Amino acid sequence: LIELAAANAQAPKTYQVGIIQMADNGAFTDMREGYIARMRELGYGEDAMVFDYQNAQGDMTNLASICQKMIDSGKDYVVTIATPPSQAFLNMGSDIPMFFISVSNPVGAGIITDMAKPDKNATGASNAIPVAEMFKLSAKLTPNVKTYGLIYCTSEVNSVTTIDNAKKYMDENGLAYVEAVVTSSGEVQQAAQSLVGRCDAMFIPNDSVVQTGLPAVAEV
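My aim in this report is to walk through the structure given alongside it, one point at a time.

Conventions adopted
- Residues numbered from 1 in each chain as written.
- Predicted model: local features only at pLDDT ≥ 70, side-chain atom pairs only at ≥ 80, totals over all residues.
- Heavy atoms only, no water.
- Axes fitted to C-alpha atoms, helices over the stretch in contact; angles between N-to-C directions.
- Helix = DSSP H or I, 4+ residues; strand = E, 2+ residues; numbered from the N terminus.
- Parallel < 35°, antiparallel > 145°, perpendicular 65-115°, else oblique.
- Left-handed = near helix turned anticlockwise from the far one by under 90°.
- Contact = heavy atoms within 4.5 Å.
- Nonpolar A, V, L, I, M, F, W, Y, C, P; charged D, E, K, R; others polar.
- Core = buried A, V, L, I, M, F, W, Y, C linked by side-chain atoms within 4.5 Å.
- Buried < 20%, exposed > 50% of the residue type's maximum accessible area, 1.4 Å probe, protein only.
- 1 Å grid on protein atoms, 1.4 Å probe; cavity = no way out; pocket = protein on both sides within 12 Å on 5 of 7 lines; lining within 4 Å.
- Points joined across faces, edges and corners; volume = space filled by probe spheres on them.
- Phe/Tyr/Trp six-rings, centres within 6.5 Å; stacked < 30°, edge-to-face > 60°.
- Lys NZ or Arg CZ within 6 Å of the ring centre and 35° of its normal.
- Expected span 1.5 Å × (residues − 1).
- Arc of directions from axis to C-beta.

What about the packing of helix α5 (residues 131-141) against helix α6 (residues 157-172)?
Next, step 1: Interhelical geometry of α5 versus α6 gives an angle of 55° and a closest axis separation of 9 Å. As the angle between them shows, α5 and α6 are arranged oblique. The crossing of α5 and α6 is right-handed. Contacts between α5 and α6 pair Val131, Ala132, Phe135 and Lys136 from the former with Thr162, Asn165, Ala166, Tyr169 and Met170 from the latter.
Next, step 2: For the contact of α5 with α6, the residue count by class is six nonpolar, two polar and one charged.

Observations regarding the nonpolar core
Next, step 1: In terms of nonpolar packing, the biggest core is built from 31 residues, with Ile20, Phe51, Phe89 and Ile111 touching the most fellow members.
Next, step 2: Listing elements by their share of this core, those giving two or more residues are β1 (15-21), α2 (26-41), β2 (49-55), α3 (60-72), β3 (77-81), α4 (83-90) and β4 (98-101).
Next, step 3: The contact partners of Ile20, leaving out residues within four places of it in the chain, are Gln54, Leu63, Ile66, Cys67, Met70, Val78, Val79, Thr80, Ile81, Pro85 and Phe89.
Next, step 4: Counting 12 residues, the second largest nonpolar core, distinct from the first, contains Cys153, Ala180, Val209 and Val210.

Here's the deal with the layout of surface pockets
Next, step 1: Roughly 180 Å³ of internal volume is contained in the largest pocket.
Next, step 2: Lining the largest pocket are 14 residues; nearest its centre among them are Met22, Met60, Ser155, Glu156 and Val209.
Next, step 3: Breaking the lining of the largest pocket down by element, the ones donating at least two residues are α4 and α8 (208-212).
Next, step 4: A total of three residues in the lining of the largest pocket trace back to one element, the largest contributor, which is α8.
Next, step 5: A class-by-class count of the residues in the lining of the largest pocket yields five nonpolar, eight polar and one charged.

Some points on the packing of α3 against α4
Next, step 1: One can describe the packing of α3 onto α4 by two numbers: an axis separation of 9 Å at closest approach and a directional angle of 50°. Put simply, α3 runs oblique to α4. Along this stretch, α3 crosses α4, giving a crossing that reads as right-handed. Where α3 approaches α4, its residues Met60, Leu63, Cys67, Met70 and Ile71 are matched on the opposing element by Pro84, Pro85, Ala88 and Phe89.
Next, step 2: Per-class residue counts for the contact of α3 with α4 are nine nonpolar, no polar and no charged.

As for the packing of aromatic side chains
Next, step 1: Under the criterion given, the structure shown has six aromatic pairs.
Next, step 2: Between the aromatic rings of Phe135 and Tyr169, the centroid separation amounts to 5.3 Å while the plane-to-plane angle is 15°, which identifies the pairing as stacked. Taken together, the residues span a long stretch of sequence, with Phe135 in helix α5 and Tyr169 in helix α6 at a distance of 34 residues.
Next, step 3: The exposure class of Phe135 is buried, given its relative accessible area of 3%.
Next, step 4: Using a relative accessible area of 16% as the deciding quantity, one classes Tyr169 as buried.
Next, step 5: Every member of this aromatic cluster is reached through a ring pair, and the members are Phe135, Tyr148, Tyr169 and Phe203.
Next, step 6: Over the face of the ring belonging to Tyr15 we find Lys13, whose NZ or CZ atom lies 5.3 Å from the ring centre.
Next, step 7: Above the ring of Tyr53, the side-chain terminus of Arg32 is found at 3.9 Å from the ring centroid.

Here's the deal with the environment of Ala56
Next, step 1: Structurally, Ala56 is set in the loop between β2 and α3.
Next, step 2: Taking the C-alpha atoms as reference points, Ala56 and Thr14, 42 residues apart in sequence, are found 26 Å from one another.
Next, step 3: If near-sequence neighbours (up to four positions away) are discounted, Ala56 is found in contact with Gln21, Met22, Asn62, Leu63 and Ile66.

As for α6
Structural remark: α-helix, 3.6 residues per turn; residues separated by three or four positions point the same way.
Next, step 1: End to end, α6 covers 23 Å across 16 residues, agreeing with the expected 22 Å (1.5 Å per residue, within 8%).
Next, step 2: Those residues of α6 lying buried are Asn158, Ser159, Thr162, Ile163, Ala166, Lys167, Tyr169 and Met170. Down the axis of α6, the smallest arc covering the buried residues is 165°, so these residues share one side. Projecting away from the buried face of α6 at angles above 90 degrees are the exposed residues Asp171 and Glu172.
Next, step 3: Next to the buried residues of α6 lie α4, α5, β6 (147-153), β7 (176-182) and β8 (201-203).
Next, step 4: A positive backbone phi angle near 70° is found at Gly174, which sits one or two residues after α6.

Below is the structure:
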């Protein structure tokens, strides 16, 4: 018994990690795979860290269910990709630590209160969008664009923040814009169609709802 207890005491802990992805798109998938690959590089092999990956497929009801399952299964910590999963998991009030990825405005989204000193048992990586640099590049690549079409979901704080910054830049630089607001990914194609003929190009922010519907935009 003594030998068995000693062996158990020396056995390394296997961390159970949940990964919650809002939607199935290339950017989010790359972030997920990049995170897993980095943890493996740091020495957390399959015997030391097990990942439970769940995808909400852009559905908020699925998202809530996934968050609850992560809590019920007692994960050691949870990785959330994009703003909606981060907000949804945090709002569950669990004491499980959360690491967020691809949240452009963590403070504005209420996920943490201070970028310098993360709180609420959460931390992560912010991907604030350099709006001015994007428009400057657009001006070089497509100099004849005078009016931009904006498609975004008002329920995503990160998206609204980026759109507000984009509007400010365009107002200051003599560019016009027209808007099409969506509430779900199923409305994205219709929103894009409503902008056809009214703009020279479309600006789409870091919006998981819109990104889920992007394949439909390609058909417009």
